[in-house]
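Residues per chain are reported as follows:
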Amino acid sequence: MTLEQKLAQMSQYGTSYLMATAKDDVTGPARALGLNGEQVAAVGSTLGSAQAADVIAMQQNHLANDPNKIPLLFMRDVIHGYRTIYPIPLGMGATWDEGLVYDCCRMAAKEAAVSGIQVNFSPMVDLVRDCRWGRNMESTGEDPWYNSRMAAAMVKGYQGDDDLQGKYDIAACVKHFAAYGAAESGRDYNTTDMSEHTLREYYLPAYRAAVDAGVEMVMTSFNALNGIPCAGNSRLAADILRNEWGFDGVVISDWNSFHEMVNHGYAANDRDAAEKAIQAVTDIEMMSTCYLRYMRALIEEGKVSEEQIDQAVLRILRLKEKLGMFENPLRATSVEEEAKYCLCEEHRALARRAAEQAAVLLKNDGVLPLSENIGSIAVIGPFAACGMNGWWSCQGKTDESVSVAAGLRAALPQATITVAAGCTDGLHDPLDPAMLEAALDMARASESVVLCLGEQEGWSGEGNSRADVGLPAAQKELLRRVAAVNPRTVVLLFNGRPLALGDVIDAAPAFFTMWQPGTEGGSAAANLLLGRVNFSGHLTMSFPYHVGQAPIYYNSMRTGRPKPGDDSTMGYVSRYVDCPNAPLFPFGYGLSYTDFTYGRPTLSATQIKRGESLTLSLTVKNTGKMAGSTVVQLYIHDPVASLVRPVREMRDYARVTLGAGEEKEVQFKIDEAMLAFYTAEGRYEAEPGCFRVWAAPDAASGEALSFTLL
Ligand code: NOJ
């Protein structure tokens, strides 16, 4: 390969850039980027293709033009389903079911693979603590240990159990390395700044878990971390990722982020950016041309060696080889199988189960479940009659998704289901009096109301942060007015982040969130509303009272002046004078239609030596009248340590399903590794002394037991 061809292999452009590849016959977008026909013909990968037929044509065209006949790799963001859409990752996190997450990723991989995708820009495992950030929806939440488990489940789901050898396996790309979720003020792309301890202890573990699970690719992030943009951050990508963790797969930049090092003020120009990116061992440049334009000069000046380029190209070619692209450049791409599998009944059924398990019941003063014999329901709200897929819904189409109104109509063919928007779906739209009156009439005339409120799809996702994460004013007013005329009003929320519900939670007797549930959202909603399926979802991000509490997360550090209790009015402690410290709904929280009693836990020992373990046991009983699942969460705390420790940290969980009246003993093994943290000396170790431990249904409840590490 010539140097130019190697650099083209290290470059990635959208499919529309690569359509015409004859010399000097490039498309408009490619011309605008300054690419010539030879470069386009040798490009290594593309992003954003949609359908099998296009991929087949493009690959054939590419192979006809590329002098080296190296197949193109097709990459895409398949974040929560390809055509059949399951809930956003924040909702999948709320399922507390790694097996289900794995199954959903297998389904997404199959639909993507037959449609021509070989590499998926997922999982996103950025730790999230700030409800304002729009990309919370793409994460599984605020806990590093839990995110690590989810990261591994997703990587295995996409890549399969046989090292990419399965027909429908696709390579996974973990992102965004690193600490992208810590954007200051919750504003996307904003800078991040944190101590080594915070980085190692909270932000890095989930990326590491993906690497340990065998992820093939890592994407660097847009943000600067402690002053250095991650697109050219050698400490992160070269020292930690490659040298310390031993990652030898492909590193790709995020979209145009080489060039954005110039905007950051870290690179003088694109040539400087190219040098910084290659020194950070980044193999593929996405959507900019720094490598193609400047690498030759950098090599001639002796700033970069050709060996560095060869190593990067080899990593890319090795991935193509592992995927079997040289023998079969189309891999699983098939127009017939695309038609057969995308949106098939089996996939819809899995998406429905996922949407049911992801939903979290936040409040229920007895109005739920609705009776199977109900005669009339008014489905009101700006999201009553539309499908809700979410900002990253790939090939999913809203009109292929079941709305709440459609779901209820299918579930209750004899009942009268009426529908009214009540208000428009804008952020700042005023309440329209005629729309309101029509909704109120319907609410008065119906036995119950299902009020569908929340966020439009475009209020979360990339670039979509919010400064106020409450319901818009018109929706709040609609809620108060509807609940006033019909006390049997249930609020069904669609949201891509935790919402601040402090000012509306008393306005209606029941609230639940379905996040952005995907293709089968409305059918799942009907099953949950009618109690045909029990709620079992639990939050993985705290829901604040008020946006001013952000960032808010359960594993926060102790302070020197803790507030003595939630009701305390004591001054000169760490508090707000106008809002509780605690969230409205804590991490781990979620109600059910049945009741669970957690027995008092016991410990098998009160002290352990290094290398030993002990067992915590408790009995969990379903004391209600319906089968259901609860999530027993194991938390620890190190009360005296060489560094201040968080008030609680989750270390394990068990999802327990019990029939009415049934009970089960749950056991957790606690070992030394669970007590370790990243010390000021840069070591992971457990320090001797007392530890506290809880087994609880959320991060704010339970009774602590103690034991000692000798
Ligand atoms: C930008 C996003 O930050 C990233 O998550 C995504 O994978 C790329 N664009 C490609 O679409």
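Definitions and limits used
Each residue is numbered by its place in its chain's sequence as written, counting from 1. Per-residue local features of the predicted model are confined to residues with pLDDT of at least 70, and side-chain atom pairs are confined, for both listing and counting, to 80 or more; whole-chain, interface and lining totals are unaffected and use all residues. In computing side-chain values, all of the structure's heavy atoms are included and hydrogens and water are not. The term salt bridge refers to a side-chain nitrogen of Lys or Arg lying within 4 Å of a carboxyl oxygen of Asp or Glu. Two rings from Phe, Tyr or Trp (for Trp, the six-membered ring) form a pair when their centres are within 6.5 Å of each other. A pair whose planes differ by under 30 degrees is stacked, one over 60 is edge-to-face, and the rest are tilted. Here a strand is any run of E in DSSP of at least two residues, a helix any run of H or I of at least four, and the numbering for each starts at the N terminus. Residue exposure (1.4 Å probe, protein chains only): buried if accessible area is under 20% of the type maximum, exposed if over 50%, otherwise partly exposed. Grouping buried Ala, Val, Leu, Ile, Met, Phe, Trp, Tyr and Cys residues that are joined through side-chain atoms within 4.5 Å yields what is termed a nonpolar core. Domain start and stop points were drawn from an automatic or database domain assignment. Being paired, for any two strands, means DSSP has found at least two bridges between them. We define proximity as follows: a residue is near a molecule or strand when any one of its heavy atoms falls within 4 Å of that partner. Pairs of N or O atoms within 3.5 Å make up the polar contacts considered here, provided that, within protein, one atom can donate a hydrogen while the other can accept it, and that residues adjacent in sequence are counted only when both atoms are side-chain atoms. Computed by Shrake-Rupley with a 1.4 Å probe, the accessible areas treat only the displayed protein chains as cover when residues are assessed. Polar here means any residue other than Ala, Val, Leu, Ile, Met, Phe, Trp, Tyr, Cys and Pro, which are nonpolar, and Asp, Glu, Lys and Arg, which are charged; Gly is therefore polar. Only heavy atoms enter the contact rule, under which two residues are in contact if any of them lie within 4.5 Å. Angular values range over 0 to 180 degrees, each being the angle between N-to-C directions of two axes fitted as lines to C-alpha atoms, with helices fitted over their stretch in contact. Oblique is the label for every angle not falling under 35 degrees (roughly parallel), over 145 degrees (roughly antiparallel), or within 65 to 115 degrees (roughly perpendicular). Handedness of a helix crossing follows the sense of rotation of the near helix relative to the far helix, less than a right angle counterclockwise being left-handed and clockwise being right-handed.

Caption draft 1: Quick look at the pattern of salt bridges. Scanning the entire structure with this criterion turns up 38 salt bridges. Residues joined by salt bridges that share partners form a network here, namely Glu196, Arg200, Arg235 and Glu244.

Caption draft 2: Local environment of the packing of aromatic side chains. Summed over the entire model, instances satisfying the criterion amount to 23 aromatic pairs. Taking the centre distance of 5.7 Å and the plane angle of 70 degrees together, the rings of tyrosine 146 and tyrosine 653 count as edge-to-face. Of this pair, tyrosine 146 sits in helix 7 (residues 144-159) while tyrosine 653 sits in strand 22 (residues 649-658), and the two are 507 residues apart along the sequence. Taken as a pair, tyrosine 146 and tyrosine 653 share a single burial class, namely buried. An angle of 80 degrees between the planes, with centres 5.0 Å apart, marks the rings of tryptophan 391 and tryptophan 392 as edge-to-face.

Caption draft 3: Expanded view of the nonpolar core. Counting 69 residues, the largest nonpolar core has Tyr86, Tyr158 and Phe177 as its most contacted members. For this core, the leading source of residues is helix 6 (residues 98-114), giving 10 residues. Both domain 1 (169-331) and domain 3 (596-709) contribute no fewer than three residues apiece to this core. Membership of the second largest hydrophobic core comes to 56 residues, among which are Phe258, Met286, Met295 and Leu317.

Caption draft 4: Local environment of the pairing of strand 21 (residues 628-637). Within strand 21, 10 of the 10 residues are buried, which leaves it mostly tucked inside the rest of the structure. Side-chain alternation along strand 21 places Gly628, Thr630, Val632, Leu634 and Ile636 on one buried face and Ser629, Val631, Gln633, Tyr635 and His637 on a second face that is also buried. Note that strand 21 and strand 22 share nine bridges and pair antiparallel. Across the sheet, residue valine 632 finds its bridge partner in strand 22, namely alanine 654. The pairing of strand 21 with strand 26 (residues 689-696) spans five bridges and is classified as antiparallel. Within strand 26, the position partnered with glutamine 633 by the bridge is alanine 696.

Caption draft 5: Spatial organisation of the site of the ligand. For the ligand, the full set of nearby residues is Leu47, Asp77, Phe121, Arg135, Lys175, His176, Met219, Phe222, Asp254, Met286 and Glu462. Within the side chain of aspartate 77, a nitrogen or oxygen atom sits 2.5 Å from an oxygen atom of the ligand. Lysine 175 is positioned such that a nitrogen or oxygen atom in its side chain is 2.9 Å from an oxygen atom of the ligand. Here the ligand, which alone exposes 290 Å², has 94% of that area covered by the protein. Among the residues making up the shell around the ligand, the classes are represented as five nonpolar, one polar and five charged.

Caption draft 6: How the structure looks around the side chain of asparagine 389. Take asparagine 389: it is sitting in the loop between strand 12 (376-380) and helix 17 (404-411). The exposure class assigned to asparagine 389 is buried, which follows from its relative accessible area of 1%. Here serine 401 takes part through its side chain, which lies 2.7 Å from a polar atom of the side chain of asparagine 389. Excluding anything up to four places from it in sequence, asparagine 389 contacts His80, Ile85, Ile88, Gly396, Lys397, Thr398, Ser401, Glu457, Gln516, Gly518 and Thr519.

Caption draft 7: Structural context of the packing of helix 18 (residues 433-445) against helix 19 (residues 473-485). At a minimum axis distance of 9 Å, the contact between helix 18 and helix 19 shows a crossing angle of 30 degrees. One element, helix 18, and the other, helix 19, form an angle in the roughly parallel class. In the packing of helix 18 onto helix 19, the handedness of the crossing is right-handed. Every residue of helix 19 that contacts helix 18 at Leu436, Glu437, Ala439, Leu440, Ala443 and Arg444 is listed here: Leu478, Arg481, Val482 and Val485. Here the contact of helix 18 with helix 19 is composed, by residue class, of seven nonpolar, no polar and three charged.

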